[in-house]
Amino acid sequence: MKLYQAIKWAMTIGAAALLPAMFFVPALAARRDLFFWMLYGVYVLAVLFVWGVTGKGNRNVSRDFDPEADNQKLDETKEIILEQSRWGAYWSMKK
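Residues numbered from 1 in each chain as written. Predicted model: local features only at pLDDT ≥ 70, side-chain atom pairs only at ≥ 80, totals over all residues. Heavy atoms only, no water.

Draft legend 1. Layout of the packing of helix α1 (residues 2-24) against helix α3 (residues 34-53). Orientation of α1 relative to α3, taken along the N-to-C sense of each, is 155°, at an axis distance of 10 Å. Comparing the axis directions of α1 and α3 gives the class roughly antiparallel. Pair α1 / α3 crosses with left-handed handedness. Together, Tyr4, Lys8, Trp9, Met11, Thr12, Ala15, Leu18, Leu19, Met22 and Phe23 of α1 and Phe36, Trp37, Tyr40, Tyr43, Val47, Val50, Trp51 and Val53 of α3 make up the contact between the two elements. Residues that form the contact of α1 with α3 fall into these classes: 16 nonpolar, 1 polar and 1 charged. (Axes fitted to C-alpha atoms, helices over the stretch in contact; angles between N-to-C directions. Helix = DSSP H or I, 4+ residues; strand = E, 2+ residues; numbered from the N terminus. Parallel < 35°, antiparallel > 145°, perpendicular 65-115°, else oblique. Left-handed = near helix turned anticlockwise from the far one by under 90°. Contact = heavy atoms within 4.5 Å. Nonpolar A, V, L, I, M, F, W, Y, C, P; charged D, E, K, R; others polar.)

Right, dumping it as structure tokens:
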């Protein structure tokens, strides 16, 4: 996990350092065109994705997840909707 954190920070520092470098380094200043800015935008989106994947919200997805209780709630909801539907009588006869 430490290696992943180091790569994440290196990508972030690289994205932040490239912007001023484009204006102060003459070799990079010659490459400032629309294609570069599109590539830079894609790179920044990739960095944001990497930061989002490691967020706290993704760590405990399966904690306190009971599929049986969720399926029971889903079945109850389906029955209620079926009873309220005007086609409910038709579908209940087909079962």
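Next, the rest of the story.
Draft legend 2. A look at the nonpolar core. In this structure, Ala15, Met22, Phe36, Tyr40 and Val47 together form the largest nonpolar core, which totals 5 residues. Elements with a contribution of two residues or more to this core: α1 and α3. Ranked by residues supplied to this core, first place goes to α3 with 3 residues. In contact with Val47, other than residues within four places in its own chain, are Met11, Thr12 and Ala15. (Core = buried A, V, L, I, M, F, W, Y, C linked by side-chain atoms within 4.5 Å. Buried < 20%, exposed > 50% of the residue type's maximum accessible area, 1.4 Å probe, protein only.)

Draft legend 3. View of α1. Taking 1.5 Å of rise per residue, the 23 residues of α1 would be expected to cover 33 Å, and the 33 Å separating its terminal C-alpha atoms lies within 8% of that figure. Remark: the principal bend of α1, roughly 30°, maps to Leu18, with a proline, Pro20, within the next four residues. Within α1, the full set of buried residues consists of Lys8, Ala15, Ala21 and Met22. In this fold, the buried residues of α1 make contact with α2 (26-29) and α3. (Expected span 1.5 Å × (residues − 1). Bend = angle between axes of the 7 residues up to and from the residue.)

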